[in-house]
Amino acid sequence: MEKENLQTEQTELSPAPKKKSLKWLWITIALVVVAGIAAWCIYNGITGDKGVSGVFGLSALLCGIFIVCSLGYMLGRITIKGVSLGTAGVFLVAILFGFLCTLIPEDLPVLSVFHLDESATNVKYYKSVIQNVGLVMFVGSVGFIAGPKFFRDLKKNFKTYILMGVVIILVGTVVAVSFALLPGIGPEFSAGILSGALTSTPGYSAALEVAGELEGLVTLGHAIAYPFGVIGVVLFVQLMPKFMKANMDHERSLLKPEVMQAREKKENKKLFKCDDFGFTAIALAIVSGLILGGIKIPIFAGANFSLGTTGGVLIMCLVFGHFGRIGKLSLEVPEKSAKVMRELGLMLFLIGAGVDGGVNLVAQISNAGGGMIVVWGLLGGALMTVIPMVVGFILGKKLLKLPLLNNLGSITGGMTSTPALGTLINTAETEDVAGAYASTYPIALVLIVLACNLMIGLL
């Protein structure tokens, strides 16, 4: 028996040398292929098209996205006394990446494809494609998460949410008008700071429409105030629960969903699903939202109001999420899909906004000659971010008696802060805070657009 076992073992082990030689053969072939592709890409990068349409330019764009993603999440994981940047770390790294890419010479071999400036094609892709794709993904997922409970909660707290949105934007506008009246500031610069402090792209676009030849001042103010507008609200929603020494288990219990509605209970009926991940429902809602957001309504001196990409998509996703079906077609989006899309969308949005912000900030400061105007912009942006938040929080706590997480959710909506909502969800460890954001956001969106328009038009 021992001899037979020995012979069997030898038979089983005998083919090993062939497998080993085959393994190294495939490794060698793979290395040769990789080396060939790398050499071809380098050659194409030196002699060929360096824009995004070129293979090497596209690789540079993709590399930039994933470099910022990895380093940003590493930075976001650094925690100091329980406070971290989270996904907002991606935004800071993106700003630094955009700035450093402006320093790369255009004639530098290979690395020149990473050069960015105001006119670079890559910057337009970061801003117009990556940022907006991320934005609609994030807002769409929030709409589907909040949709089933949104209209029920809105009916109960309608006046509260409106008052929170009105007060936050009104206080920010008062600070901006006071700032605009200072010598050498002006309404265009101040309106740009306000839109940046509230991270409002629709407000920024509205200000540009009526600024005319002074639109450069709007862009400068927006670029200077935007970074603190993102980071300030992100830190605020993390610090306030600590300052209040809140019992988060108790606060989450105050957000506990009500018993499911009868409509939801009765639907065990079989509905047709196009896919198991809910992508069809998300796609239909986003397309509908983009159409709604593209409708423009004339309001003042040639300026127009529209819900824009964010507002239109949010509203339609709330509606789709609320009804959950069209006839026999299911519009359900699984919770896991919504969460993944929310985080991915937020990451892409911050990368696009951050890289564009880093490049734009350098360009605008250079055009303005630097100096005191930058200092004034930073000071004004900080005040227009902090004062409305503090006033809104006191109003929600003392007068409206809102629970802490409802209060903070309303503040993220009133400040139109997409990144802060993502941070608040992670801090609260519940998706239910999205309802307060979604309820306050629309009124804040309308008011910030009107404020930026009227400030320039009247002053």
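Bear in mind the structure is a predicted one, so any value in this text is a computation, not a measurement. Within each chain, residue numbers correspond to sequence positions counted from 1 in written order. Restriction of local features to residues with pLDDT of at least 70 applies here, the model being predicted, together with a cutoff of 80 or more for giving and counting side-chain atom pairs; totals for whole chains, interfaces and linings are based on all residues. Only heavy atoms go into the side-chain values, all of them from the structure, while hydrogens and water stay out.

## What about the overall build of the protein?
Argument step 1. The helix and strand tally for the protein stands at 17 helices and 6 strands.
Argument step 2. Each residue is placed in one exposure class: buried if its accessible area under a 1.4 Å probe, protein chains only, is under 20% of its type's maximum, exposed if it is over 50%, and partly exposed if it falls in between. Within the protein, the fraction of its 459 residues that count as buried is 49%.
Argument step 3. Contact between two residues is taken to exist if any of their heavy atoms lie within 4.5 Å; hydrogens are not considered. Sequence-distant contacts, at least 24 apart, represent 78% of the contacts inside the protein between residues at least 6 apart.
Argument step 4. Areas reported as accessible are Shrake-Rupley estimates using a 1.4 Å probe. Residue values count occlusion only from the protein chains shown. Accessible area of the protein: about 22400 Å², with a carbon and sulfur share of 68%. Strands here mean DSSP runs of E at least two residues long; helices mean DSSP runs of H or I at least four residues long; both are numbered from the N terminus.

## A closer look at empty space enclosed by the protein
Argument step 1. The method works on a 1 Å grid over the protein atoms by themselves. A cavity is a set of points holding a 1.4 Å probe that cannot get out, a pocket is an open set with protein on both sides within 12 Å along at least five of seven lines, and residues with an atom within 4 Å of a point line them. Grid points are joined across faces, edges and corners, and a volume is the space filled by probe spheres set on the points. What the rule picks out here adds up to 4 cavities of 30 Å³ or more.
Argument step 2. Forming the boundary of the largest cavity are Leu135, Thr199, Ser200, Thr201, Pro202, Tyr226, Thr310, Phe349, Thr416, Thr418 and Tyr441.
Argument step 3. Each residue is assigned to one class: nonpolar for Ala, Val, Leu, Ile, Met, Phe, Trp, Tyr, Cys and Pro, charged for Asp, Glu, Lys and Arg, and polar for all the others, Gly among them. When the residues that make up the lining of the largest cavity are grouped by side-chain class, the tally is 5 nonpolar, 6 polar and no charged.
Argument step 4. What the second largest cavity holds in volume is close to 60 Å³.
Argument step 5. As for the second largest cavity, its lining consists of Lys273, Cys274, Asp275, Gly278, Thr280, Ala281, Leu329, Ser330, Leu331 and Glu332.
Argument step 6. The residue makeup of the lining of the second largest cavity, split by class, is 4 nonpolar, 3 polar and 3 charged.

## A short note on the pattern of salt bridges
Argument step 1. Criterion for a salt bridge: a side-chain nitrogen of Lys or Arg within 4 Å of a carboxyl oxygen of Asp or Glu. According to the stated counting rule, one finds 5 salt bridges in the structure shown.
Argument step 2. Here aspartate 249 makes a salt bridge to arginine 252, at a shortest N to O gap of 2.5 Å. Of this pair, aspartate 249 and arginine 252 both sit in helix H9 (residues 248–253), 3 residues apart, which is roughly one turn of that helix.
Argument step 3. Owing to a relative accessible area of 57%, aspartate 249 belongs among the exposed residues under this scheme.
Argument step 4. Between glutamate 429 and arginine 252 there is a salt bridge; the shortest N-O distance is 3.8 Å. Of this pair, glutamate 429 sits in the loop between helix H16 (418–428) and helix H17 (434–458) while arginine 252 sits in helix H9, placing them 177 residues apart in sequence.
Argument step 5. Residue classification places glutamate 429 among the exposed positions, given a relative accessible area of 60%.

## Things to note about a nonpolar patch on the surface
Argument step 1. Surface patches are drawn from residues lacking salt bridges whose relative accessible area is over 30%; two like charges belong together within 9 Å, two nonpolar side chains (Val, Leu, Ile, Met, Phe, Trp, Tyr) within 5 Å. Where nonpolar side chains cluster on the molecular surface, the patch consists of Leu182, Met372, Val375, Trp376, Leu379, Leu383, Ile387 and Val391 and spans about 630 Å² of accessible area.
Argument step 2. Judged by relative accessible area, which is 31%, isoleucine 387 ranks as partly exposed.

## Observations regarding helix H8 (residues 215–243)
Argument step 1. In a helix, the anticipated span is given by 1.5 Å times the number of residues less one. Look at H8: 40 Å from first C-alpha to last across 29 residues, which is about the 42 Å you get at 1.5 Å a residue.
Argument step 2. Bend at a residue means the angle formed by two fitted axes: the first through the 7 residues ending at that position, the second through the 7 residues beginning there. Alanine 225 marks where H8 bends most, by close to 35°; the proline proline 227 follows one to four residues later.
Argument step 3. One or two residues past the end of H8 sits lysine 245, with phi positive at roughly 50°.

## What to know about the layout of surface pockets
Argument step 1. In this structure, the second largest pocket occupies an estimated 600 Å³ of space.
Argument step 2. Lining the second largest pocket we find 29 residues, and of these Gln131, Thr201, Pro202, Tyr204 and Ser205 sit closest to its centre.
Argument step 3. Only helix H4 (88–102), helix H5 (121–180), helix H7 (201–211), H8, strand E4 (303–305), helix H12 (308–323) and helix H13 (335–368) provide two or more residues apiece to the lining of the second largest pocket.
Argument step 4. When residues of the lining of the second largest pocket are assigned to their parent elements, the largest contribution, 6 residues, is made by H7.

## Remarks on the packing of aromatic side chains
Argument step 1. The rule is short: rings of Phe, Tyr and Trp, with Trp giving its six-membered ring, pair when the centres are within 6.5 Å, and they are stacked under 30 degrees, edge-to-face over 60, tilted in between. Applying the stated criterion across every chain, the model contains 5 aromatic pairs.
Argument step 2. Relative to tyrosine 441, the ring of tyrosine 437 has its centre 5.5 Å away and its plane inclined at 35°; by these criteria the two rings are tilted. Of this pair, tyrosine 437 and tyrosine 441 are both found in helix H17, 4 residues apart, which corresponds to roughly one turn of the helix.

## Side note on the environment of alanine 88
Argument step 1. Here alanine 88 is to be found in helix H4.
Argument step 2. The buried category is assigned to alanine 88, whose relative accessible area is 2%.
Argument step 3. Distance from alanine 88 to isoleucine 231, taken between C-alpha atoms, is 7.0 Å for residues 143 residues apart in sequence.
Argument step 4. Beyond its immediate sequence surroundings of up to four residues, alanine 88 is in contact with Ile231, Val234 and Leu350.

## Some details on the confidence of the model for the protein
Argument step 1. Predictor confidence is given residue by residue as pLDDT, running from a minimum of 0 to a maximum of 100. With 84% of its residues at a pLDDT of at least 70, the protein reaches an overall mean of 80.
Argument step 2. Mean pLDDT across the elements of the protein bottoms out in helix H10 (residues 262–266) (43) and peaks in helix H15 (residues 404–414) (93).
Argument step 3. This stretch, residues 8–14, has a pLDDT under 50; its non-local contacts, to residues over four places away or in other chains, come to 0 contacts.

## Some remarks on the environment of lysine 397
Argument step 1. Looking at where lysine 397 falls in the secondary structure, it is placed in helix H14 (residues 372–399).
Argument step 2. Owing to a relative accessible area of 33%, lysine 397 belongs among the partly exposed residues under this scheme.

## Overview of helix H11 (residues 279–293)
Argument step 1. Its 15 residues give H11 an end-to-end C-alpha distance of 21 Å, which sits within 8% of 21 Å, the value for a rise of 1.5 Å per residue.
Argument step 2. Here H11 has its buried residues at Ala281, Ile282, Ala285, Ile286, Gly289 and Gly293. Taken end-on, H11 shows its buried residues confined to a sector of 125°, consistent with a single buried face. An arc is given here, and it is the one of the directions from the helix axis to the C-beta atoms.

## Re the nonpolar core
Nonpolar side chains in soluble globular proteins tend to end up buried together.
Argument step 1. What is meant by a nonpolar core is a set of buried Ala, Val, Leu, Ile, Met, Phe, Trp, Tyr and Cys residues, joined one to another through side-chain atoms within 4.5 Å. Judged by nonpolar contacts, the single largest core of 121 residues is most densely connected at Tyr126, Leu194, Ile351 and Ile411.
Argument step 2. If one sorts the elements of this core by residue count, H5 sits on top with 23 residues.
Argument step 3. Not counting residues within four places of it along the chain, the set of residues in contact with isoleucine 411 comprises Met164, Ile168, Phe236, Met389, Gly392 and Phe393.

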